[in-house]
Amino acid sequence: MSMTDVLAAADIKNALGAFGAPDSFNHKKFFELCGLKKKSPDDVKKVFHILDKDRSGFIEEDELKLLLQGFATDGRALSDKETKALLAAGDKDGDGKIGVDEFTALVAES
Ligand SMILES: [Ca+2]
């Protein structure tokens with residue numbers, strides 16, 4: 001399973017290009033631009049499992065930092081500030097990581 005099995009490569013490229021500047025990342029716009037917001041819950045779960053690189057069942061802070069590289073290998077790493085903001089937006093139960101339900105809610109809210 002790779003990201004382009006779920007999302008169009010052109011949409012991913014467009015979404016990554018929109019947030020090339022440091023500290024410009026906005027997850028709501030990103031999930032919309034890359035096409036994920038329009039996808040079914042099953043597809044959003046597939047994307048979650050791609051981003052959960054160590055298959056722990058959660059997206060931890062180190063995986064969040066490299067979220068964009070999960071979409072395309074040339075994606076930039078998020079800054080610490082962007083990573084913390086994204087974690088705060090998604091981590092509803094405050095355990096410091098994002099579970100599959102939290103991720104699908106984060107995408108749906110965007
Ligand atoms: Ca993980």
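Residues numbered from 1 in each chain as written. Predicted model: local features only at pLDDT ≥ 70, side-chain atom pairs only at ≥ 80, totals over all residues. Heavy atoms only, no water.

Per an unreviewed UniProt entry, the recorded name for the protein chain is Parvalbumin, and the organism is Xenopus tropicalis. As stated in UniProt under Sequence similarities (unreviewed entry), the record for the protein chain gives "Belongs to the parvalbumin family." (UniProt positions renumbered as here; feature names shortened; annotations may be inferred.)

Contact geometry for helix α4 (residues 41-51) and helix α8 (residues 100-109): axes closest at 10 Å, N-to-C directions at 120°. The orientation of α4 with respect to α8, classified from their angle, is oblique. Pair α4 / α8 crosses with right-handed handedness. Here Val44, Lys45, Val47, Phe48 and Leu51 of α4 lie close against α8, whose contacting residues are Val100, Phe103, Thr104 and Val107. For the contact of α4 with α8, the per-class residue count stands at 7 nonpolar, 1 polar and 1 charged. (Axes fitted to C-alpha atoms, helices over the stretch in contact; angles between N-to-C directions. Helix = DSSP H or I, 4+ residues; strand = E, 2+ residues; numbered from the N terminus. Parallel < 35°, antiparallel > 145°, perpendicular 65-115°, else oblique. Left-handed = near helix turned anticlockwise from the far one by under 90°. Contact = heavy atoms within 4.5 Å. Nonpolar A, V, L, I, M, F, W, Y, C, P; charged D, E, K, R; others polar.)

Here, the residues flagged by UniProt with the feature "binding site: Ca(2+) 2" (unreviewed entry) are Asp91, Asp93, Asp95, Lys97 and Glu102. The topology assignment puts Asp93 in the loop between α7 (80-90) and β2 (98-99). You can call Asp93 exposed: its relative accessible area is 54%. Within the element layout of this structure, Asp95 appears in the loop between α7 and β2. Setting aside anything within four residues of it in sequence, one finds Asp95 in contact with Phe58 and Glu102. (Buried < 20%, exposed > 50% of the residue type's maximum accessible area, 1.4 Å probe, protein only.)

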